Amino acid sequence: MSDDESSTEATDDAPSISPADLHDRLRRGERVSLLDVRNRDEFEAWRITGESVDATQVTYAEFMAAKARGEVGEFVADLDLREPVVAVCPRGEVSATVAELLREEGIDARNLDAGMEGWARVYAGREVPLSGDATDTDLTVIQYDRPASGCLAYLVVSGDEAAVVDPLRAFADRYVADAESRGADLRYAIDTHVHADHLSGVRKLASETDAEAVLPAGAAERGLAFDATLLEDGDEIRVGDATLTALYAPGHTTELTAFQLGEILLSGDALFADSFGRPDLERGDEGARDLAGTLYETLTDRLLALPDETLVAPGHRTPDSDPNPAENETFTARLDAVRDRLRIPDEKEAFADRVLDSLSARPANYEEIISANLGRESPDDEAAFEMELGPNNCAVAAESD
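Predicted, not measured: the structure shown is a model, and the values here were computed from it.

Peer 1: Mind showing me how you'd approach the overall build of the protein here?
Peer 2: What the protein contains, in helices and strands, is 13 helices and 18 strands. For a compact globule of 401 residues, the expected C-alpha radius of gyration is about 21 Å, and the protein comes in at 22 Å, within 12% of that figure. Across its three principal directions, the C-alpha atoms of the protein cover 70 × 50 × 40 Å. The 401 residues of the protein split such that 54% are buried. Sequence-distant contacts in the protein: of pairs separated by 6 or more residues, those separated by 24 or more amount to 64%. As displayed, the protein has an accessible area near 17,200 Å², and 42% of this comes from carbon and sulfur atoms. Across the protein, 37 positive and 86 negative side-chain charges occur, with their mean positions spaced 2 Å apart.

The following block contains the structure:
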């Protein structure tokens, strides 16, 4: 288990597995058999996935009905579960009962401690490898991954200063602690854009630490309601000896701004390893086509025109994304590889048609999340955590082969 994840030890009377331990096993590619006892719609909307996951969905109510009939053994045999089994529910409560029923039938079963809510609290950090001139500096870049949603954030440390890009509110303390452990103070909390899928940590960090809140200048036009430094295209932020250069990249939103850090592109939701941000969350269906056209220009004229060796460090990943073994198992990719995967059409209208035809359901509570990230609303920590549970759905579906 990595140092930056916590674990709950299993006890003899209630065997369990912590979400962090489950995440470690999936990262190592170990086969994991999950028995999800939530309702079908909950399972379809948001679940633990991966190439090494064998998932079976059977409701808790079905198990209780089998127990009432005295037929648990026959019911479980029909499921043909692969052992060991990990039972999953929203909070790890009813799944503990199901795991116990399975053990009574002689099946090696454990309960996922704290359930899907516990899974949403897993947050893994890993250093992004540096190349070129950066290898001769004291620069450190840490990519944070929230596997429950695919949200990625970055801590940039140089000398005794640090900046965090696209921080999550639920993990605000983590960035401060990780900077301090490297002998640095958090100077800047930066958002690449007004997020629609998770609660930003920028305002929390600015209010509770000496960190300066930083957003793209266009956030003001969207109704930003708290004090922040606003960046235009080409503006620079100095972090120790490192420089973050703003690169205006609209399309997903009107104000989205990526950041260049040497050969690393902190691309936010403008560009992912195998896709790009959807254009309909700011202006809805009515404005989606225009923003899709803007996104086309951003991709073709700005981002994909950068040097091939540029390392794309995106703001999200898909649930089934594999970490890049060539880049210290981070969710990053060289730009030439990203360019080849995207296969952007030559015509803007063809691109817009493809994008609009591929849009899935919008993120849950996205309008309320946008309002909170603009500073218009101030949900408490519990409400904020509940608002962002589930998949992010901020990406355009990747084109299939």
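Peer 1: Would you mind showing me how to read the sheet that holds strand β5 (residues 109-112) here?
Peer 2: Each strand in a sheet pairs with its neighbour through backbone hydrogen bonds, running either in the same direction (parallel) or in the opposite one (antiparallel). A sheet is described by the order of its strands in space; here five strands give the open sequence β1-β5-β4-β2-β3, paired in parallel fashion. Both outer strands of the open sheet, β1 (16-17) and β3 (53-57), are each paired with one neighbouring strand and no more. Two elements, strand β2 (residues 32-36) and β3, share five bridges in a ladder whose sense is parallel. Bridge pairing links L35 to T56 in β3.

Peer 1: How should I be thinking about helix α11 (residues 348-357) in this particular structure?
Peer 2: Residues separated by three or four positions in an α-helix point in the same direction, a consequence of the helix having 3.6 residues per turn. Of all the residues in α11, the buried ones are F351, A352, R354 and V355. Along α11, the residues classed as buried sweep out an arc of 165° about the axis, all on the same side. Elements that come into contact with the buried residues of α11 comprise α9 (284-303) and α10 (335-342).

Peer 1: Explain the packing of aromatic side chains here, please?
Peer 2: Aromatic rings considered in pairs are described by the distance between their centres and by the relative angle of their planes. This structure, assessed with the given rule, holds seven aromatic pairs. Residues F63 and F75 carry aromatic rings whose centres are separated by 5.1 Å and whose planes lie at 85° to one another, so their mutual orientation is edge-to-face. One end of the pair, F63, is in helix α3 (residues 60-69); the other, F75, is in helix α4 (residues 72-79), and twelve residues separate them in sequence. The two residues F63 and F75 agree in class, both being buried. Here F276 and F351 contribute two aromatic rings whose centre-to-centre distance is 5.3 Å and whose plane-to-plane angle is 40°, an arrangement assigned as tilted. Linking F276 in the loop between β16 (264-268) and α9 with F351 in helix α11, this pair joins segments that are 75 residues apart in sequence. Overall, F276 belongs to the buried group, its relative accessible area being 1%. Linked through ring pairs, Y123, Y144, F171 and Y175 together constitute an aromatic cluster. Above the ring of F331, the side-chain terminus of R317 is found at 4.1 Å from the ring centroid.

What counts and what doesn't
- Residues numbered from 1 in each chain as written.
- Predicted model: local features only at pLDDT ≥ 70, side-chain atom pairs only at ≥ 80, totals over all residues.
- Heavy atoms only, no water.
- Helix = DSSP H or I, 4+ residues; strand = E, 2+ residues; numbered from the N terminus.
- Rg over C-alpha atoms; globule rule 2.2 N^0.38 Å.
- Buried < 20%, exposed > 50% of the residue type's maximum accessible area, 1.4 Å probe, protein only.
- Contact = heavy atoms within 4.5 Å.
- Areas by Shrake-Rupley, 256 points an atom, 1.4 Å probe, with all protein chains shown as cover.
- Lys, Arg positive; Asp, Glu negative; His and termini not counted.
- Charge placed at Lys NZ, Arg CZ, Asp CG, Glu CD.
- Pairing = 2+ DSSP bridges.
- Arc of directions from axis to C-beta.
- Phe/Tyr/Trp six-rings, centres within 6.5 Å; stacked < 30°, edge-to-face > 60°.
- Lys NZ or Arg CZ within 6 Å of the ring centre and 35° of its normal.

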